Amino acid sequence: MEIILVIFLIVTAALVLLLLYKVIRWIIAKKARGVSILVLLLIIGVGYTINHLFFTKMEFIQSKVYPNLYLVKNEIKDRTELQQIIKKKVVNMIDNGLIDHQEIYSKNTSKAPYATLAFYTYNKNSQLSLFQDYGTAYFIEKKEDLGGMIVEDLSMYGKYKLATYNLRTYKNDTTCYYGILNYYKEGYIIKTDTLLRQSCGNKSQKTTEQQLESPANIEEATEITPIPSEFKSLLKPNETLKLGVVYTDTVRYVNFDDNGDYLLFFVEKSQDTIGLIHNKHNSEFIQGETLEIQWKIDSLRPAGDPEFLEFKEFLISAKNSKN
């Protein structure tokens, strides 16, 4: 199937190049025609620039399948101002009952987008290419696809992550909430704000700017675990790995274990057995089969110890190897 698609794309590209060649020859055949085309292109360029600078506004697009995921389209370049806008957006949502709707925003933070609220840059690639990622725009209408010909996993777009907001409870009073707002650049945390909304028992008070700038109000300070810049794995023992980068390997399937806190997909490579965290409750593979897998290094907070951040291999997709 892949060979047919490649042949089709090559033929299509050749036809497009032939058409472009004929159009260029037609344009340069007459000088007046060439000048007219250049003037038209100049007008279009100036018009696009004016529209982008003065009439295109930044907007938040809420996912229809992940209500706690927001894509920021036409984001401003000033990072500090962008962070302030995101903060105001979060504060507004808190004041409008975010904590009261935890079943929507906080119940499934172990699944995409892995946060009470998550903000990503809006990105959409050309649909003409059948082999490239769609972009973050994919998640406006569709959920993650971890088993298709083109894998669409939100964590693959770590470099487009702008911010995440997560609710926390006081260690000495689980009826009181506060929030941690992390800002990202290229997939790494660069700044953290503590957003406080006093909500204890039946008493509730709206967030204020003064409270936002007073993290001392938090009785139990939350420390941000430093994010390593390099990682190691038995799947690639001789390589230095990066967080969130998708890797491909050929392995032998061992078994599947769903008895612990996490679903583990065990494989063997170079006589080493590795357990990758998986999101499916069963496996269709037979022990000893040769598989081609896609995986990545990602973070998780262990069950029972939410303050500790560790890094593990996560399975994205697996299929029978043709070799």
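The residue count restarts for each chain, going from 1 along the sequence in the order it is written. Predicted model: local features are reported for residues with pLDDT of at least 70 only, side-chain atom pairs are reported and counted for 80 or more only, and whole-chain, interface and lining totals are derived from all residues. With hydrogens and water set aside, each side-chain value is computed from the structure's full complement of heavy atoms.

**Student:** Which residues make up the packing of aromatic side chains, and what values go with them?
**Tutor:** Ring pairs shown here join Phe, Tyr and Trp side chains whose ring centres sit within 6.5 Å, with only the six-membered ring taken for Trp; geometry is labelled stacked below 30 degrees between planes, edge-to-face above 60, and tilted in between. Per the stated rule, a full pass over the model turns up eleven aromatic pairs. Pairing Phe 231 with Phe 311 gives two aromatic rings, centres 5.1 Å apart and planes at 55°, and the pair type is tilted. Taken together, the residues span a long stretch of sequence, with Phe 231 in the loop between helix 6 (209–212) and strand 8 (247–257) and Phe 311 in strand 12 (residues 310–320) at a distance of 80 residues. Judged by its relative accessible area of 9%, Phe 231 is buried. In this description a helix means any DSSP run of H or I spanning at least four residues, a strand means any run of E spanning at least two, and both kinds are numbered starting from the N terminus. Whether a residue is buried, partly exposed or exposed follows from its accessible area with a 1.4 Å probe, protein chains only, as a fraction of its type maximum: under 20%, in between, or over 50%, in that order.

**Student:** Help me get a handle on the side chain of Ser 321, residues and values and all.
**Tutor:** With respect to the helices and strands, Ser 321 occurs in the segment after strand 12. You can call Ser 321 buried: its relative accessible area is 16%. Residue contacts are defined here by distance: any two heavy atoms, one from each residue, within 4.5 Å place the two residues in contact. Leave out the neighbours within four places in its chain, and Ser 321 touches Thr 250, Thr 290, Leu 291 and Glu 292.

**Student:** I'd love a proper account of the environment of Phe 314, names of residues and values included.
**Tutor:** Examined against the element boundaries, Phe 314 turns out to sit in strand 12. Classification of Phe 314 as buried rests on a relative accessible area of 17%. Measuring from C-alpha to C-alpha, the distance between Phe 314 and Trp 295 comes to 5.5 Å, with 19 residues separating the pair along the chain.

**Student:** Describe a nonpolar patch on the surface, naming the residues involved and giving the relevant values.
**Tutor:** Among the surface-exposed residues, Ile 3, Ile 7, Val 11 and Leu 15 lie close enough to one another that they form a single nonpolar patch of about 410 Å² accessible area. Looking at the element boundaries, Ile 7 is found in helix 1 (residues 2–28). Surface patches are defined over residues having more than 30% relative accessible area and no salt bridge, joining like charges when they lie within 9 Å and nonpolar side chains (Val, Leu, Ile, Met, Phe, Trp, Tyr) when within 5 Å. Note on areas: Shrake-Rupley with a 1.4 Å probe; residue coverage comes only from the protein chains shown. Salt bridge, as used here, is a side-chain nitrogen of Lys or Arg placed within 4 Å of a carboxyl oxygen of Asp or Glu.

**Student:** Break down the nonpolar core for me, citing the residues and quoting the values.
**Tutor:** Here, the term nonpolar core denotes a set of buried Ala, Val, Leu, Ile, Met, Phe, Trp, Tyr and Cys residues that are joined through side-chain atoms within 4.5 Å. Formed by 19 residues in total, the largest nonpolar core has its most connected members in Leu 235, Phe 265, Val 267, Leu 276, Leu 291, Ile 293 and Trp 295. Of all the secondary-structure elements, those providing two or more residues to this core are strand 8, strand 9 (263–269), strand 10 (272–278) and strand 11 (290–300). Counting residues in each nonpolar core, the second largest holds 17 residues, with Val 72, Leu 117, Leu 167 and Leu 181 among its members.

**Student:** Please set out the pairing of strand 3 (residues 117–121) residue by residue, giving values where relevant.
**Tutor:** Of all the five residues making up strand 3, five are buried; the element is thus mostly covered by neighbouring parts of the structure. Covered by surrounding structure in strand 3 are Leu 117, Phe 119 and Thr 121 together with Ala 118 and Tyr 120, the residues of both alternating faces. Two elements, strand 2 (residues 69–73) and strand 3, share four bridges in a ladder whose sense is parallel. Looking at strand 3, one finds that Leu 69 is bridged to Ala 118. A pair of strands counts as paired when DSSP detects no fewer than two bridges linking them.

**Student:** Any chance you could break down the pairing of strand 8 for me, citing the residues and the numbers?
**Tutor:** Strand direction decides the pairing type here: strand 8 and strand 11, joined by six bridges, are antiparallel. Of the residues in strand 11, the one forming a bridge with Thr 248 is Gln 294. With five bridges joining them, strand 8 and strand 9 adopt antiparallel strand pairing. Residue Phe 256 lies in a different strand from strand 9, and its bridge partner there is Phe 265.

**Student:** Report on unusual backbone geometry, specifying residues and quantitative values.
**Tutor:** Unusually for a residue other than glycine, Asn 74 sits at a positive phi of about 60°. Asn 74 gets classed as partly exposed once you look at its relative accessible area, which sits at 32%.

**Student:** Summarise the pattern of salt bridges; cite the residues concerned and give the values.
**Tutor:** Side-chain pairs of opposite charge can arise where the charged atoms are in close proximity. Counted under the stated rule, the structure contains eight salt bridges. One salt bridge in this structure joins Glu 141 and Lys 64, with 3.0 Å as the shortest N-O distance. Remark: Lys 64 occurs in the loop between strand 1 (59–62) and strand 2 and Glu 141 occurs in helix 5 (residues 138–141); sequence separation between them is 77 residues. Residues joined by salt bridges that share partners form a network here, namely Lys 236, Glu 239, Asp 249 and Lys 269.

**Student:** Please give an account of the side chain of Lys 87 that cites residues and values.
**Tutor:** Note on placement: Lys 87 falls in helix 3 (residues 79–95). Residue class for Lys 87 comes out buried when judged on its relative accessible area of 4%. A polar contact of 3.3 Å, which involves the side chain of Lys 87, links it to the side chain of Asp 193. Pairs of N or O atoms are called polar contacts if they sit within 3.5 Å, as long as, within protein, a hydrogen donor faces a hydrogen acceptor (for residues adjacent in sequence, only side-chain-to-side-chain pairs).

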